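# Topology and contacts: notes
So you can see what is in the structure, the chains are spelled out below.
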Amino acid sequence: MTRFRSIGIGLAVALAATGVALSAQAADKPVYGVLLKTLSNPFWGAMEKGIHDGADAAGVEYFMQAVQSDQAAEPQLNTCNTMLERKPAVMITAAINSTILLPCLKRATDMGIPVVDLDANLDHAIAAKAGVKIAFTIGSDNVAAGKQGADWLVSQLGKDAKGPVLVIEGLAGNITGQKRAKGFAEELAAIAPGLKIVASLPGDWDGQKAANITNDTLTRTPDLVAIFCANDTMALGAVEAAYAAGKGQQITIIGVDGNVDAVKSIKAGRLNASVAQLPYLVGKEAVEKAKAVLAGQKVDEFTYVPTLVLTKAVLDANKDPLLQYVK
Amino acid sequence: MTLPATASPAGLPLAGNGEATLSTETATRPSLAPSWWSRLAVRFESLVVLAILIVVLSVLSPYFLSISNFLNILLATAVIGVLAYGATFVIAAAGIDLSLGSVLGLSGVVGALSINQVGLPWPFGIVLCLVTGAACGLINGLLNTRAGIPAFIATLGMLGVARGLALVLTNGVPVYGLADPVVYLGQGRPFGIPTPVIIFLAVGAIAHFVLAYTRFGKYALVIGDNESAARAMGVRVERHRVSLYVVSGTMAGIAGLLFIARVNSGDPTAGLNYELTAITATILGGTNLFGGRATIIGTLIGALIMGVLQNGLNLLAVSSFYQQMAIGSVLILAVWLDQLNRRRRMR
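A quick note: this is a predicted structure, and the numbers were derived from the prediction, not measured. (Residues numbered from 1 in each chain as written. Chains lettered and ligands numbered in written order. Predicted model: local features only at pLDDT ≥ 70, side-chain atom pairs only at ≥ 80, totals over all residues.)

### Some remarks on the domain arrangement of chain A
Residues and elements named next belong to chain A. For chain A, the assigned domains are domain 1 (31-140 + 279-305) and domain 2 (143-278 + 312-324). Computed from C-alpha coordinates alone, the two centres of domain 1 and domain 2 are separated by 29 Å. With twelve residues of domain 1 at the interface, the matching set in domain 2 holds eleven residues. Counting residues per element, the ones that place at least two in the side of domain 1 that touches domain 2 are helix H2 (42-58) and helix H11 (279-294). No other element matches the four residues that H11 contributes to the side of domain 1 that touches domain 2. In terms of residue class, the side of domain 1 that touches domain 2 is built from seven nonpolar, four polar and one charged. (Domains from an automatic or database assignment. Contact = placed C-beta atoms within 7 Å. Helix = DSSP H or I, 4+ residues; strand = E, 2+ residues; numbered from the N terminus. Nonpolar A, V, L, I, M, F, W, Y, C, P; charged D, E, K, R; others polar.)

### Considerations on the sheet that holds strand S11 (residues 302-305) of chain A
Residue and element names in this part refer to chain A. Reading across from one edge, S2-S1-S3-S4-S5-S11 is the order of the six strands in this open sheet, with parallel pairing throughout. Each edge of the open sheet carries a strand with a single partner, namely strand S2 (61-65) and S11. This sheet shows a mean twist of 20° between the axes of neighbouring strands, independent of strand direction. Bridge analysis of strand S5 (residues 134-140) against S11 gives four bridges, and the strand direction is parallel. By the bridge assignment, Ile138 is partnered in S11 with Thr303. (Pairing = 2+ DSSP bridges. Axes fitted to C-alpha atoms, helices over the stretch in contact; angles between N-to-C directions.)

### Thoughts on the interface of chain B and chain A
Reports of interface size often rely on the accessible area that becomes lost once the parts have come together. The partner chain A presents 42 residues to the 40 residues of chain B that form the contact. Mapped onto the side of chain B that touches chain A, the elements with two or more residues apiece are helix H2 (44-60), helix H3 (67-92), helix H11 (237-263), helix H13 (296-315) and helix H14 (320-346) of chain B. Here the side of chain B that touches chain A gets eight residues from one element, more than from any other, and that element is H2 of chain B. Residue composition of the side of chain B that touches chain A, grouped by class: 24 nonpolar, 14 polar and two charged.

Okay, here's the thing in structure tokens:
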């Protein structure tokens, strides 16, 4: 029966450690909880940098968590619940979808912890129904980003341009991707009706998938004139596929985010443009505003950080003051 | 060479089961009826790993050791745990079910749609959830046994089909808003304990009983240990395998129900890659990937090891990149300890 004796010893050790841990409870000081989607994406990397710098500037402490991928919805909910154990002063969360975090955020609301909707992923009406009080939403206006993409495309090709256009959406059902694609499609139909969207397909934020979609669409529509992708990762995939098919020069490709890789590609003259979302600024301002909320000040329910269209010309000139926030 | 006197005289490779719950009718070994403790027995190494983790994390994080945090861990483990029960039944008989995560997603979506869109009363939604899971399992089982498609391939196919169907049914958009009683299954706290935790433990108790004490469970282990011996005993192997896939599909249905109830929405992408996590929990708990040795309590402990580890690393604010490495390392460590122990016993 040595086995059971060892189990007993194991349990005894566990109990002893329990006592040690209980006596070692740390003194509490206000710490901000930050829950992102994933760090394996330059967009969230820039957001993290902004949060870090914002916290430094505001003199606050924070702890940050993220999950493995931007599709790991339930793990994000579990992580959120765990974070509440540390009783953060405020919860700054970028929810993977509009509903997954609601049970946890309701708990936060019940605990009196203000909830910040980072990157505008929550639906305020649904959140209110679930008993979640959102202190404020901060992010980028995704419809406007799509619209800006269409405006820039038409400024390049002209109002009377004709030809087929491909739209590559984000993850099927993701609200951010839907807004960007919708903003682009509506604006394009309004200002350049000759440019027809022949397909609008979900690329799941995945460069590889976007490349395949581009290839397949080129088989069917070889005279494609433009591709709008709901993020840069997909735009870069589309660029590579277009060049591989020998049509890199013929097709104008636009992404959204303004991430590091996209900037490199634009500077190298491959990707044509990216509507930069300045996540750095979003993260920085989120912390500053959260501090204001905790100090009892009133902040706007919605804050949209401006976006700008990055092109080779803009990057080479290096004059736009917002460029300092493109990380 | 000193072979133990208990080596199976018929030359059947029945030995090597360690603490298996395999028993009786077949037994050519002296230990006929297993005592209660051998049925409860789980791989000792798993318990050691769990205890060490709890001790270390308690020391490292002041937030770890509290009742509310342990309820968090159980809550976070519930969905994966139920899925892992399903995996345990199939793996006990040397099968594999790769479709678990997708079937979870599909069952949840069917349940959510039937309540939210079709407007069926909520009990039907719950039943449909489970029936969808069971039906997927039935198809898996029939493909495997009747059509002769290897389990790996048949369930891999189902992984794609079920996920695709879930996306088609919902058009890729989560279905938000279920009936209150269903939401209670996921968010309620009778006596302060989250309902999913109660369901997780209750299903575990039933599954343990079935696998360790009933003919159904014993046959599954016999098939996993030695299929020809099972046939010789008169076990209808094909039929039994189909039933096991139905059990695992039903477990995926229960997990799907817990998932939608927890988040009050049927998400077509729910449970992505969960099959691998469930199989990991099963193996951590001491189940032999090639069949013949499996316990539900072991699986429960395996799932808890992962839940505790993840929770602790979250409390310590360790990056998600390292978390994946940690879980991988613990899996290898636990199985290695087991191997060491086994080799020692053989000597």
